[in-house]
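Structural overview for review
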Amino acid sequence: MKYLYKGIAVLIASLLLLTGCENQSPSSSAPTATTTTESTTTTTAGVTDPTSPPTTSSIPTTEPSGQEPGVTDPNTNPTGTQPAPTKVISAEQGKNYLIVRPVVNHPGVVGMDAHYEISVSDKMQNVFASDDYTLKTDTASVKISGNVVTVPWSVRSAGKPVTVTAQLKKESLKAGSFTFTFQQFSKQPTFADDFNALDKDMWELFYTEKGSRWGEIKDGNLVFRLEKEGDTLFEMQTKGFAQAYGCFSARIDMPKSGQANAAFWMKTDDGVRYIKNPDMPSASGGEIDIVEYFPTWGNQRLSTALHYYAWHPNYIRSEGNDKVSVAGNIKDGYHVYSVVWTPKAIYWYFDDQVISSYTGEGVAEGSGPMNLLLQLNPEYPEKDENGNTKPGWGGIYDGTGFPYEMKTDWVKAWALA
(Lines give C-alpha, C1' and ligand atoms only; values in the text may rest on other atoms or scores of the structure.)
Protein backbone atom coordinates (compact mmCIF):
# COMPACT_ATOMS: atom_id res chain seq x y z
CA MET A 1 0.00 0.00 0.00
CA LYS A 2 2.86 2.32 0.74
CA TYR A 3 4.13 1.76 -2.80
CA LEU A 4 0.72 2.90 -4.10
CA TYR A 5 0.96 6.10 -2.11
CA LYS A 6 4.50 6.72 -3.40
CA GLY A 7 3.34 6.21 -7.01
CA ILE A 8 0.44 8.64 -6.59
CA ALA A 9 2.81 11.26 -5.12
CA VAL A 10 5.21 10.93 -8.02
CA LEU A 11 2.32 11.28 -10.50
CA ILE A 12 0.99 14.43 -8.82
CA ALA A 13 4.49 15.99 -8.79
CA SER A 14 4.90 15.25 -12.47
CA LEU A 15 1.54 16.82 -13.31
CA LEU A 16 2.39 19.94 -11.32
CA LEU A 17 5.74 20.22 -13.08
CA LEU A 18 4.12 19.92 -16.51
CA THR A 19 1.52 22.58 -15.70
CA GLY A 20 4.23 25.07 -14.64
CA CYS A 21 6.15 24.64 -17.90
CA GLU A 22 3.04 25.34 -20.01
CA ASN A 23 2.33 28.65 -18.15
CA GLN A 24 5.90 29.97 -18.57
CA SER A 25 6.26 32.75 -21.25
CA PRO A 26 8.53 31.63 -24.09
CA SER A 27 10.06 35.13 -24.33
CA SER A 28 11.24 35.11 -20.74
CA SER A 29 14.06 32.73 -21.51
CA ALA A 30 15.90 35.33 -23.68
CA PRO A 31 17.04 38.62 -22.10
CA THR A 32 15.87 41.73 -24.04
CA ALA A 33 16.14 45.53 -23.65
CA THR A 34 12.58 46.00 -22.42
CA THR A 35 10.73 48.21 -19.98
CA THR A 36 8.59 46.47 -17.36
CA THR A 37 5.23 48.09 -16.67
CA GLU A 38 2.49 47.31 -14.19
CA SER A 39 -0.69 45.80 -15.72
CA THR A 40 -3.81 47.91 -15.37
CA THR A 41 -6.10 44.86 -15.77
CA THR A 42 -7.67 42.96 -12.90
CA THR A 43 -7.08 39.22 -12.92
CA THR A 44 -7.86 36.33 -10.65
CA ALA A 45 -4.89 34.54 -9.25
CA GLY A 46 -3.70 31.71 -11.49
CA VAL A 47 -5.95 32.79 -14.45
CA THR A 48 -4.72 35.03 -17.32
CA ASP A 49 -7.21 37.39 -19.02
CA PRO A 50 -6.67 36.87 -22.77
CA THR A 51 -7.89 40.44 -23.57
CA SER A 52 -5.39 42.21 -21.32
CA PRO A 53 -2.01 43.37 -22.59
CA PRO A 54 1.01 41.40 -21.51
CA THR A 55 2.59 42.52 -18.29
CA THR A 56 5.98 42.80 -20.03
CA SER A 57 6.58 44.98 -23.13
CA SER A 58 8.54 43.40 -25.95
CA ILE A 59 9.21 46.81 -27.65
CA PRO A 60 12.70 48.18 -26.92
CA THR A 61 12.65 51.62 -25.33
CA THR A 62 13.71 54.41 -27.76
CA GLU A 63 12.16 57.47 -26.14
CA PRO A 64 12.93 58.90 -22.69
CA SER A 65 10.31 58.44 -20.05
CA GLY A 66 7.76 61.23 -20.28
CA GLN A 67 9.00 62.31 -23.77
CA GLU A 68 6.63 62.48 -26.72
CA PRO A 69 7.59 60.12 -29.55
CA GLY A 70 9.61 61.82 -32.25
CA VAL A 71 10.82 64.64 -29.98
CA THR A 72 14.46 64.51 -28.96
CA ASP A 73 15.54 65.91 -25.64
CA PRO A 74 18.39 68.35 -26.40
CA ASN A 75 20.06 67.38 -23.15
CA THR A 76 20.50 63.78 -24.25
CA ASN A 77 23.19 62.37 -26.50
CA PRO A 78 21.37 60.80 -29.51
CA THR A 79 24.25 58.47 -30.32
CA GLY A 80 24.16 56.92 -26.91
CA THR A 81 27.88 57.64 -26.41
CA GLN A 82 29.45 59.86 -23.81
CA PRO A 83 30.46 63.39 -25.08
CA ALA A 84 34.15 64.06 -25.49
CA PRO A 85 35.57 65.78 -22.44
CA THR A 86 36.52 69.48 -22.75
CA LYS A 87 40.23 69.84 -23.36
CA VAL A 88 41.91 71.32 -20.35
CA ILE A 89 44.88 73.60 -21.00
CA SER A 90 47.70 74.27 -18.63
CA ALA A 91 48.68 77.71 -17.37
CA GLU A 92 51.77 77.53 -19.56
CA GLN A 93 49.67 76.74 -22.66
CA GLY A 94 47.10 79.40 -21.82
CA LYS A 95 49.39 82.36 -21.29
CA ASN A 96 49.79 82.96 -25.05
CA TYR A 97 46.28 81.89 -26.04
CA LEU A 98 45.06 85.46 -26.62
CA ILE A 99 46.38 87.90 -29.21
CA VAL A 100 46.61 91.33 -27.61
CA ARG A 101 47.30 94.36 -29.82
CA PRO A 102 46.73 98.13 -29.83
CA VAL A 103 44.36 99.19 -32.60
CA VAL A 104 46.93 101.88 -33.51
CA ASN A 105 50.41 101.51 -32.06
CA HIS A 106 51.37 105.18 -32.26
CA PRO A 107 54.24 107.18 -30.71
CA GLY A 108 52.12 109.80 -28.92
CA VAL A 109 52.76 113.54 -28.71
CA VAL A 110 55.75 114.92 -26.84
CA GLY A 111 54.71 116.13 -23.39
CA MET A 112 51.27 114.47 -23.46
CA ASP A 113 49.75 111.20 -22.29
CA ALA A 114 49.20 108.60 -25.01
CA HIS A 115 46.01 106.53 -25.23
CA TYR A 116 45.84 103.07 -26.79
CA GLU A 117 42.65 101.18 -27.59
CA ILE A 118 43.35 97.47 -27.08
CA SER A 119 42.02 94.66 -29.29
CA VAL A 120 41.87 91.09 -27.91
CA SER A 121 41.28 88.03 -30.10
CA ASP A 122 42.35 84.38 -30.31
CA LYS A 123 44.18 82.42 -32.97
CA MET A 124 40.87 81.50 -34.61
CA GLN A 125 40.27 85.25 -35.15
CA ASN A 126 37.46 85.42 -32.60
CA VAL A 127 37.38 88.98 -31.26
CA PHE A 128 36.41 89.43 -27.62
CA ALA A 129 34.34 92.29 -26.23
CA SER A 130 35.94 94.35 -23.50
CA ASP A 131 33.49 92.84 -20.99
CA ASP A 132 34.94 89.38 -21.68
CA TYR A 133 38.40 90.08 -20.31
CA THR A 134 40.38 92.10 -17.83
CA LEU A 135 43.52 94.10 -18.55
CA LYS A 136 46.43 94.70 -16.23
CA THR A 137 49.87 96.23 -16.62
CA ASP A 138 53.28 95.92 -15.03
CA THR A 139 53.63 99.69 -14.54
CA ALA A 140 51.75 101.37 -11.69
CA SER A 141 51.42 104.80 -13.32
CA VAL A 142 49.82 103.36 -16.47
CA LYS A 143 46.03 103.69 -16.28
CA ILE A 144 43.44 101.27 -17.66
CA SER A 145 39.78 102.12 -18.34
CA GLY A 146 37.81 99.44 -20.14
CA ASN A 147 39.93 98.52 -23.13
CA VAL A 148 41.88 101.83 -23.20
CA VAL A 149 45.40 101.99 -21.80
CA THR A 150 46.85 105.43 -20.97
CA VAL A 151 50.62 105.74 -20.78
CA PRO A 152 51.94 109.01 -19.26
CA TRP A 153 54.62 111.03 -21.03
CA SER A 154 56.91 110.46 -18.04
CA VAL A 155 56.85 106.70 -18.70
CA ARG A 156 57.25 106.96 -22.47
CA SER A 157 60.07 109.51 -22.28
CA ALA A 158 61.96 107.26 -19.84
CA GLY A 159 62.13 104.59 -22.55
CA LYS A 160 60.89 101.80 -20.30
CA PRO A 161 58.79 99.10 -22.04
CA VAL A 162 55.27 98.56 -20.72
CA THR A 163 53.55 95.16 -20.86
CA VAL A 164 49.76 94.89 -20.92
CA THR A 165 48.18 91.49 -20.17
CA ALA A 166 44.63 90.37 -21.02
CA GLN A 167 42.88 87.49 -19.24
CA LEU A 168 39.47 86.01 -20.02
CA LYS A 169 37.04 86.33 -17.12
CA LYS A 170 35.33 82.93 -17.60
CA GLU A 171 38.44 80.99 -18.60
CA SER A 172 41.15 82.53 -16.48
CA LEU A 173 43.94 80.34 -17.83
CA LYS A 174 43.49 81.88 -21.29
CA ALA A 175 45.60 85.00 -21.47
CA GLY A 176 47.92 87.00 -23.68
CA SER A 177 50.09 90.10 -23.55
CA PHE A 178 51.60 92.92 -25.59
CA THR A 179 54.73 94.89 -24.77
CA PHE A 180 54.91 98.54 -25.80
CA THR A 181 58.21 100.17 -26.70
CA PHE A 182 58.16 103.92 -27.25
CA GLN A 183 59.67 106.26 -29.81
CA GLN A 184 62.15 108.62 -28.22
CA PHE A 185 62.51 112.31 -29.11
CA SER A 186 65.09 115.00 -28.54
CA LYS A 187 65.17 116.24 -24.96
CA GLN A 188 64.85 119.86 -26.07
CA PRO A 189 62.76 121.29 -28.92
CA THR A 190 64.58 121.81 -32.20
CA PHE A 191 62.21 124.74 -32.83
CA ALA A 192 60.08 126.75 -30.39
CA ASP A 193 58.29 130.06 -30.59
CA ASP A 194 55.97 131.22 -27.80
CA PHE A 195 55.06 134.39 -29.71
CA ASN A 196 56.05 136.83 -27.04
CA ALA A 197 57.30 138.89 -29.99
CA LEU A 198 57.14 138.67 -33.78
CA ASP A 199 60.59 137.34 -34.63
CA LYS A 200 61.22 137.84 -38.33
CA ASP A 201 64.48 135.93 -38.00
CA MET A 202 62.36 132.85 -37.32
CA TRP A 203 59.51 133.52 -39.78
CA GLU A 204 59.00 134.85 -43.28
CA LEU A 205 56.02 135.48 -45.53
CA PHE A 206 54.85 132.82 -47.94
CA TYR A 207 52.54 133.35 -50.93
CA THR A 208 53.63 136.96 -51.24
CA GLU A 209 52.32 136.91 -54.81
CA LYS A 210 48.85 136.48 -53.30
CA GLY A 211 49.31 139.37 -50.91
CA SER A 212 50.10 137.38 -47.76
CA ARG A 213 50.47 139.41 -44.57
CA TRP A 214 52.14 139.22 -41.18
CA GLY A 215 50.09 138.42 -38.12
CA GLU A 216 50.16 140.53 -34.96
CA ILE A 217 51.35 139.65 -31.48
CA LYS A 218 48.69 140.09 -28.81
CA ASP A 219 48.69 138.65 -25.27
CA GLY A 220 51.38 136.11 -26.15
CA ASN A 221 49.57 134.95 -29.30
CA LEU A 222 50.18 135.26 -33.01
CA VAL A 223 46.84 136.65 -34.23
CA PHE A 224 45.51 136.38 -37.78
CA ARG A 225 42.38 138.55 -38.17
CA LEU A 226 40.30 139.04 -41.31
CA GLU A 227 38.14 142.11 -40.69
CA LYS A 228 36.10 142.28 -43.87
CA GLU A 229 35.50 140.80 -47.29
CA GLY A 230 38.44 141.48 -49.59
CA ASP A 231 41.13 141.19 -46.90
CA THR A 232 44.05 139.09 -48.10
CA LEU A 233 45.38 135.96 -46.48
CA PHE A 234 47.85 135.48 -43.65
CA GLU A 235 50.64 133.02 -44.46
CA MET A 236 53.90 132.65 -42.56
CA GLN A 237 56.56 129.94 -42.82
CA THR A 238 59.62 129.16 -40.73
CA LYS A 239 62.81 130.88 -41.81
CA GLY A 240 66.03 128.95 -41.36
CA PHE A 241 64.26 125.95 -39.88
CA ALA A 242 63.30 122.79 -41.78
CA GLN A 243 63.32 119.23 -40.46
CA ALA A 244 62.62 115.70 -41.65
CA TYR A 245 60.85 113.45 -39.14
CA GLY A 246 59.90 114.21 -35.58
CA CYS A 247 57.01 115.64 -33.59
CA PHE A 248 55.53 118.97 -34.75
CA SER A 249 52.87 120.73 -32.64
CA ALA A 250 51.00 124.02 -32.38
CA ARG A 251 48.51 125.24 -29.79
CA ILE A 252 45.77 127.08 -31.70
CA ASP A 253 42.42 128.72 -30.98
CA MET A 254 40.56 128.25 -34.27
CA PRO A 255 38.17 130.87 -35.73
CA LYS A 256 34.61 130.53 -34.53
CA SER A 257 32.89 131.77 -37.69
CA GLY A 258 33.47 132.61 -41.32
CA GLN A 259 34.59 130.86 -44.46
CA ALA A 260 38.36 130.75 -44.19
CA ASN A 261 40.91 127.95 -44.20
CA ALA A 262 42.79 127.96 -40.90
CA ALA A 263 45.81 125.66 -41.22
CA PHE A 264 49.04 124.42 -39.66
CA TRP A 265 51.07 122.53 -42.25
CA MET A 266 54.49 121.51 -43.57
CA LYS A 267 56.17 121.46 -46.98
CA THR A 268 59.48 120.93 -48.70
CA ASP A 269 61.14 123.86 -50.44
CA ASP A 270 61.44 123.87 -54.20
CA GLY A 271 64.03 121.34 -55.31
CA VAL A 272 63.96 119.41 -52.02
CA ARG A 273 62.94 115.79 -52.42
CA TYR A 274 60.38 114.39 -50.00
CA ILE A 275 60.21 110.95 -51.58
CA LYS A 276 61.68 109.82 -54.88
CA ASN A 277 59.29 109.87 -57.81
CA PRO A 278 60.26 106.93 -60.03
CA ASP A 279 58.68 108.57 -63.10
CA MET A 280 59.81 112.15 -62.66
CA PRO A 281 62.49 112.71 -59.99
CA SER A 282 62.28 116.50 -60.32
CA ALA A 283 58.63 116.42 -59.17
CA SER A 284 59.31 114.88 -55.79
CA GLY A 285 58.26 117.49 -53.25
CA GLY A 286 55.98 116.81 -50.31
CA GLU A 287 53.41 118.39 -48.02
CA ILE A 288 51.90 117.26 -44.71
CA ASP A 289 48.74 119.05 -43.63
CA ILE A 290 48.72 118.75 -39.86
CA VAL A 291 45.32 120.42 -39.67
CA GLU A 292 43.05 122.37 -42.03
CA TYR A 293 39.77 123.72 -40.74
CA PHE A 294 36.80 125.79 -41.91
CA PRO A 295 34.45 127.12 -39.19
CA THR A 296 31.58 126.33 -41.57
CA TRP A 297 32.35 122.62 -41.06
CA GLY A 298 31.09 122.76 -37.49
CA ASN A 299 32.91 121.99 -34.28
CA GLN A 300 34.03 118.36 -34.74
CA ARG A 301 35.29 118.04 -38.31
CA LEU A 302 38.76 118.82 -39.66
CA SER A 303 41.07 117.72 -42.46
CA THR A 304 44.43 115.90 -42.41
CA ALA A 305 46.43 115.00 -45.51
CA LEU A 306 49.69 113.99 -47.14
CA HIS A 307 50.65 115.11 -50.65
CA TYR A 308 53.69 113.65 -52.40
CA TYR A 309 55.31 113.54 -55.83
CA ALA A 310 54.54 117.26 -55.82
CA TRP A 311 54.52 119.80 -57.33
CA HIS A 312 53.73 118.63 -60.84
CA PRO A 313 49.97 118.22 -61.44
CA ASN A 314 50.48 115.06 -63.50
CA TYR A 315 52.36 113.27 -60.72
CA ILE A 316 51.07 114.48 -57.38
CA ARG A 317 49.55 111.86 -55.09
CA SER A 318 47.33 112.62 -52.13
CA GLU A 319 46.33 110.61 -49.07
CA GLY A 320 44.04 112.01 -46.42
CA ASN A 321 40.59 112.71 -45.13
CA ASP A 322 38.78 116.04 -44.95
CA LYS A 323 36.05 114.60 -42.74
CA VAL A 324 38.09 113.54 -39.72
CA SER A 325 35.85 113.50 -36.64
CA VAL A 326 37.32 114.51 -33.30
CA ALA A 327 36.13 113.78 -29.77
CA GLY A 328 35.86 117.34 -28.58
CA ASN A 329 34.77 120.82 -29.61
CA ILE A 330 37.19 122.55 -31.97
CA LYS A 331 35.55 125.93 -31.30
CA ASP A 332 35.66 125.85 -27.51
CA GLY A 333 39.15 127.33 -27.22
CA TYR A 334 42.77 126.24 -27.57
CA HIS A 335 43.70 122.76 -28.76
CA VAL A 336 47.05 121.21 -29.64
CA TYR A 337 47.31 120.00 -33.24
CA SER A 338 50.24 117.67 -33.91
CA VAL A 339 51.83 115.27 -36.33
CA VAL A 340 54.48 112.65 -35.60
CA TRP A 341 56.38 111.79 -38.77
CA THR A 342 58.70 108.77 -38.87
CA PRO A 343 60.38 106.97 -41.80
CA LYS A 344 57.61 104.36 -41.67
CA ALA A 345 54.43 106.21 -40.73
CA ILE A 346 52.68 109.52 -40.11
CA TYR A 347 50.28 110.05 -37.18
CA TRP A 348 47.92 113.00 -36.69
CA TYR A 349 46.65 114.16 -33.29
CA PHE A 350 43.95 116.37 -31.81
CA ASP A 351 45.28 117.15 -28.32
CA ASP A 352 46.42 113.76 -26.99
CA GLN A 353 44.09 111.69 -29.20
CA VAL A 354 45.41 110.02 -32.36
CA ILE A 355 42.85 110.80 -35.08
CA SER A 356 44.50 109.49 -38.26
CA SER A 357 47.51 107.51 -39.43
CA TYR A 358 49.25 106.59 -42.70
CA THR A 359 51.72 103.81 -43.51
CA GLY A 360 51.55 103.57 -47.33
CA GLU A 361 54.04 104.09 -50.13
CA GLY A 362 54.00 107.86 -49.59
CA VAL A 363 56.27 107.62 -46.55
CA ALA A 364 59.86 106.39 -46.65
CA GLU A 365 63.36 106.82 -45.31
CA GLY A 366 65.68 109.49 -46.65
CA SER A 367 63.23 112.37 -46.95
CA GLY A 368 64.38 115.95 -47.27
CA PRO A 369 63.31 118.45 -44.58
CA MET A 370 60.09 120.45 -44.44
CA ASN A 371 59.28 123.99 -43.25
CA LEU A 372 56.38 124.78 -40.89
CA LEU A 373 53.57 127.13 -41.94
CA LEU A 374 50.62 128.91 -40.29
CA GLN A 375 47.76 130.20 -42.40
CA LEU A 376 44.37 131.88 -42.43
CA ASN A 377 43.14 132.01 -46.02
CA PRO A 378 39.68 133.43 -46.85
CA GLU A 379 37.63 131.54 -49.42
CA TYR A 380 35.82 134.18 -51.45
CA PRO A 381 33.02 133.34 -53.93
CA GLU A 382 33.64 132.24 -57.47
CA LYS A 383 31.10 132.18 -60.29
CA ASP A 384 30.46 129.34 -62.72
CA GLU A 385 29.77 129.84 -66.44
CA ASN A 386 26.11 130.55 -65.66
CA GLY A 387 26.92 133.22 -63.11
CA ASN A 388 26.00 131.11 -60.12
CA THR A 389 28.18 131.05 -57.02
CA LYS A 390 30.25 127.89 -56.97
CA PRO A 391 30.53 126.05 -53.67
CA GLY A 392 34.02 126.12 -52.23
CA TRP A 393 35.76 123.66 -49.95
CA GLY A 394 34.16 125.40 -46.99
CA GLY A 395 30.69 125.40 -48.58
CA ILE A 396 28.59 128.13 -50.22
CA TYR A 397 30.03 131.55 -49.40
CA ASP A 398 27.60 133.93 -47.69
CA GLY A 399 29.89 136.79 -46.63
CA THR A 400 28.90 136.69 -42.98
CA GLY A 401 30.80 135.94 -39.81
CA PHE A 402 33.46 138.68 -39.95
CA PRO A 403 35.85 139.09 -38.32
CA TYR A 404 37.55 135.70 -38.78
CA GLU A 405 40.23 135.27 -36.13
CA MET A 406 42.85 132.57 -35.52
CA LYS A 407 45.17 132.70 -32.50
CA THR A 408 48.34 130.62 -32.10
CA ASP A 409 49.88 130.35 -28.63
CA TRP A 410 53.04 128.44 -29.61
CA VAL A 411 54.70 126.27 -32.25
CA LYS A 412 57.27 123.59 -31.34
CA ALA A 413 59.20 120.75 -32.98
CA TRP A 414 61.26 117.84 -31.66
CA ALA A 415 63.54 115.50 -33.58
CA LEU A 416 63.46 111.71 -33.43
CA ALA A 417 66.12 110.37 -31.06
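Residues numbered from 1 in each chain as written. Predicted model: local features only at pLDDT ≥ 70, side-chain atom pairs only at ≥ 80, totals over all residues. Heavy atoms only, no water.

The next subject is the overall build of the chain. What the chain contains, in helices and strands, is three helices and 24 strands. Long-range pairs, those at least 24 residues apart, make up 66% of the contacts in the chain with a sequence separation of at least 6. Carbon and sulfur atoms make up 52% of the accessible area of the chain, which totals about 23,700 Å². (Helix = DSSP H or I, 4+ residues; strand = E, 2+ residues; numbered from the N terminus. Contact = heavy atoms within 4.5 Å. Areas by Shrake-Rupley, 256 points an atom, 1.4 Å probe, with all protein chains shown as cover.)

Here we take up the pairing of strand β21 (residues 371-378). With seven of eight residues buried, β21 lies mostly within the body of the structure. Relative to β21, strand β14 (residues 260-267) runs antiparallel, the two being bridged by eight bridges. Bridge pairing links K267 to N371 in β21. (Buried < 20%, exposed > 50% of the residue type's maximum accessible area, 1.4 Å probe, protein only. Pairing = 2+ DSSP bridges.)

Taken together, three strands build an open sheet; the order of strands is β3-β6-β7 and the sheet is antiparallel. Looking at the sheet topology across the chains shown, the edges are occupied by β3 (133-137) and β7 (175-180). Between one strand and the next, the sheet's axes are offset by a mean angle of 20 degrees, whatever the strand orientation. (Axes fitted to C-alpha atoms, helices over the stretch in contact; angles between N-to-C directions.)

Let's shift gears to the pattern of salt bridges. In this structure the tally under the stated criterion is 11 salt bridges. The salt bridge partner of R225 is E405, with a shortest N-O separation of 2.7 Å. With R225 in strand β11 (residues 221-226) and E405 in strand β24 (residues 404-414), the pair connects residues that are 180 residues apart, well separated along the chain. Residue class for R225 comes out partly exposed when judged on its relative accessible area of 32%. Residue D322 is joined to R301 by a salt bridge in which the shortest nitrogen-to-oxygen separation is 3.7 Å. Placement of the pair is D322 in strand β17 (residues 317-325) and R301 in strand β16 (residues 301-310), with a sequence separation of 21 residues. Exposure remark for R301: the relative accessible area of 22% places this residue in the partly exposed category. Bridged by salt links that share partners, the residues R225, E227 and E405 form one connected network. (Salt bridge = Lys/Arg side-chain N within 4 Å of Asp/Glu carboxyl O.)

As summarised here, the arrangement of the four strands in space is β1-β2-β5-β4, forming an open sheet in which the pairing is antiparallel. The strands lining the two open edges of the sheet, one partner per strand, are β1 (98-102) and β4 (143-145). For this sheet, the mean inter-axis angle between neighbouring strands, taken without regard to orientation, is 30 degrees.

On to the pairing of β14, then. Most of β14 is tucked away, with eight of its eight residues classed as buried. Here β14 shows no split at all, with A260, A262, F264 and M266 on one side and N261, A263, W265 and K267 on the other all buried. Here β14 runs beside strand β15 (residues 285-293); their pairing, made up of six bridges, is antiparallel. Paired with M266 across the strands is I288, a residue of β15.

Mean pLDDT for the chain: 83, with 78% of residues reaching 70 or above. Every residue in residues 1-80 is under pLDDT 50, and counting partners more than four places away or in other chains gives 22 contacts. (pLDDT = per-residue confidence, 0-100.)

Now for the packing of aromatic side chains. Scanning all chains against the criterion turns up 18 aromatic pairs. Judged by centre distance (5.3 Å) and plane angle (75 degrees), the rings of W297 and W393 are edge-to-face. You can see W297 sitting in the loop between β15 and β16 and its partner W393 sitting in the loop between β23 (389-390) and β24, a full 96 residues away along the chain. With a relative accessible area of 11%, W297 lands in the buried category. The partly exposed category is assigned to W393, whose relative accessible area is 34%. (Phe/Tyr/Trp six-rings, centres within 6.5 Å; stacked < 30°, edge-to-face > 60°.)

Along the chain, F402 connects to P403 via a cis peptide bond; the corresponding omega equals 0 degrees. Summarising the element assignment, P403 is placed in the loop between β23 and β24. The backbone phi angle of F195 is positive, close to 55 degrees, even though this residue is not glycine. As for its placement among the helices and strands, F195 is situated in the loop between β8 (191-193) and β9 (203-205). The phi angle at Y207 is positive, at roughly 60 degrees, despite the residue not being glycine. Assignment of secondary structure puts Y207 in the loop between β9 and β10 (216-218). Since its relative accessible area comes to 25%, Y207 is described here as partly exposed.

Within the secondary structure, E292 sits in strand β15. The buried charged residue E292 lacks any salt bridge partner; its closest oppositely charged side chain belongs to R301, at an N-O distance of 10 Å. A distance of 2.9 Å separates polar atoms of two side chains, one belonging to E292 and the other to N261. (Lys, Arg positive; Asp, Glu negative; His and termini not counted. Polar contact = N/O pair within 3.5 Å; in protein donor to acceptor, adjacent residues only side chain to side chain.)

This part covers the nonpolar core. Residues W341 and L374 are the most contacted members of the largest nonpolar core, which totals 51 residues. Counting 20 residues, the second-largest nonpolar core is a separate cluster that includes A114, V155, V162 and V164. (Core = buried A, V, L, I, M, F, W, Y, C linked by side-chain atoms within 4.5 Å.)

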